[in-house]
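Next come the chains, spelled out residue by residue.
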Amino acid sequence: MKKQEATPARHVVVVGTQWGDEGKGKLVDWLTETATGVVRFQGGHNAGHTLVINGQKTALHLIPSGIMRAGVKCYIGNGVVLSVGKLLEEIQGLERAGVSVRDRLFISEACPLILPFHVTIDMAREAAKERSGGAKIGTTGRGIGPAYEDKIARRALRVQDLRHPERFAIKLKELLALHNHVLSTFLDGANIEWPDAVKPYLVDSQVSFDAVYQEAMAQAAELLPMVADVSKALNEAHAQGANLLFEGAQGTLLDIDHGTYPFVTSSNCVAGNAAAGAGVGPGLLHYVLGITKAYCTRVGGGPFPTELDWEVEGTPGWHMATVGAERGTTTGRSRRCGWFDAALLKRSAQVNGLSGLCITKLDVLDGLDELKLCIGYELDGERIDLLPMGADEIERCKPIYETLPGWQDTTVGATQMEQLPANALAYLRRIEEVTQVPVHMVSTSPDRDHTILLKHPYHAE
Ligand code: IMP
């Protein structure tokens, strides 16, 4: 086999090390000063990044954050599940804001499609769990899980099928027969209060072939000019010396294998999947940046060992939720908040092979009297220092904390370590010591320029 040849190009993977919402979008945007191509490799429009550029907020769900910088090419790799409707909506929104998209967005023809029946199945399943008194996953309701199920079952419709209307129609009929059967027999679809967005596709509580087919064909004409062989394009970009950035979505503890299963998303969020989900060799992943919030948050259900009561005014959890504006970009749900969990981060460091950390939202902790840092757990009478695998085990973990002094001075806008209060520095140093991963960057506000750089991911060895 021919080896991928060495070129001056360097490629960085950015992953969330907790449960998502660590602030990856800002860092990806910042790194596009050096990267000329940004690649999404997993997830779908369940992701959400809020970027603040020149004081203006922009939310992105599917299109890589690099789109906000003129000239940067953006790629959606085969590992992403694609809702064409949502993608086109996002493109139109960006165009209205004066951002050019279509000439520099490349979408893999191998992406499995998210179609309206995936959304109905996703919602109906959560509703069924609720009715039966079971624990809901708390999905984003975007059809992500059902779309990945079809992919793994080898029956998915993919972007490339949109080029062949007859082939598309045959596969769609087969898929609908299956999903409508599940909807009516197992999920009690007739008794669900469907949101308005889903209603146009339903006839007698069954998803209509005509509605799905007509819409997909109409969207295809707009999508197909952006469809490309992304694997080939990325390998060519590498050969030409372009620096690439692989932008992870969600977070490591939502990874289908390494997360708090079953309260996870349906894709691999870890760095290694950047290779498989984009179509490059693992040797091209040169540096892995772990984006890590200075505390922890989680949306949706599932265990969270260091969770605080974030609804009681005046408590540290409430402080994190309000000062950190902890609301989901995609669903608007409140995020659960808790202390920093270094034992969780150790797991994350292992499964991602982190090269360095970027600590975000440090400024949110300004003004707290003291901080707690979880350094391990007690599990069934034993002391462990690494997050165990799977929700049932994690549920039984009782955190073991160290207490550190807080700081009252502001860290907002700091661009040098020397500008940080001594206790903030000590907090960062302790995180490094316990997790054994160096802090290479610190983000001190949502603004692009409020960033402390210790080692540049594109220049670090
Ligand atoms: P799904 O990805 O919609 O299937 O949701 C599965 C779990 O992942 C739920 O707990 C969601 O809240 C969570 N999730 C999915 N995407 C994100 C994200 O971008 N940030 C944080 N949590 C997410």
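All of the points below concern the structure found in this document. (Residues numbered from 1 in each chain as written. Predicted model: local features only at pLDDT ≥ 70, side-chain atom pairs only at ≥ 80, totals over all residues. Heavy atoms only, no water.)

### Looking at the packing of aromatic side chains
Pairs of aromatic rings are described using the distance from one ring centre to the other and the angle between the two planes.
So, step 1. One pass over the full model with this rule turns up 5 aromatic pairs.
So, step 2. Ring geometry for Trp 407 versus Tyr 427: centroids 5.9 Å apart, planes at 55°, classification tilted. Taken as a pair, Trp 407 in the loop between strand 18 (398-405) and helix 12 (422-435) and Tyr 427 in helix 12 lie far apart in primary sequence, 20 residues in all. Each member of the pair, Trp 407 together with Tyr 427, is buried.
So, step 3. Through a chain of ring-to-ring contacts, three or more aromatic side chains come together here, namely Phe 168, Phe 209 and Tyr 213.
So, step 4. The ring of Phe 209 carries the charged tip of Lys 173 above its face, separated from the ring centre by 4.7 Å. (Phe/Tyr/Trp six-rings, centres within 6.5 Å; stacked < 30°, edge-to-face > 60°. Helix = DSSP H or I, 4+ residues; strand = E, 2+ residues; numbered from the N terminus. Buried < 20%, exposed > 50% of the residue type's maximum accessible area, 1.4 Å probe, protein only. Lys NZ or Arg CZ within 6 Å of the ring centre and 35° of its normal.)

### Let's talk about the pattern of salt bridges
So, step 1. Tallied over the entire structure, the rule returns 25 salt bridges.
So, step 2. The residue Glu 89 makes a salt bridge to Lys 86 at a minimum N-O spacing of 3.6 Å. Placement of the pair is Glu 89 and Lys 86 together in helix 2 (residues 84-96), with a separation of 3 residues, close to one helical turn.
So, step 3. Under the relative-accessibility criterion, Glu 89 is labelled partly exposed at 46%.
So, step 4. A residue is classified by how much of its surface remains accessible, and Lys 86, at 37% relative accessible area, is partly exposed.
So, step 5. Residues Arg 336 and Glu 307 are paired through a salt bridge, measuring 3.0 Å at the closest nitrogen-oxygen approach. (Salt bridge = Lys/Arg side-chain N within 4 Å of Asp/Glu carboxyl O.)

### Considerations on the site of the ligand
So, step 1. Every one of the 16 residues lining the ligand counts as a neighbour, but Asp 21, Asn 46, Thr 140, Thr 265 and Arg 333 are closest to it.
So, step 2. One of the side-chain nitrogen or oxygen atoms of Asn 46 is found 2.9 Å away from an oxygen atom of the ligand.
So, step 3. A distance of 3.3 Å separates an oxygen atom of the ligand from a polar atom in the backbone of Gly 138.
So, step 4. In isolation the ligand offers 470 Å² of accessible surface; the protein chains occlude 96% of this area.
So, step 5. Considered class by class, the residues forming the shell around the ligand number 6 nonpolar, 8 polar and 2 charged. (Near = heavy atom within 4 Å. Polar contact = N/O pair within 3.5 Å; in protein donor to acceptor, adjacent residues only side chain to side chain. Areas by Shrake-Rupley, 256 points an atom, 1.4 Å probe, with all protein chains shown as cover. Nonpolar A, V, L, I, M, F, W, Y, C, P; charged D, E, K, R; others polar.)

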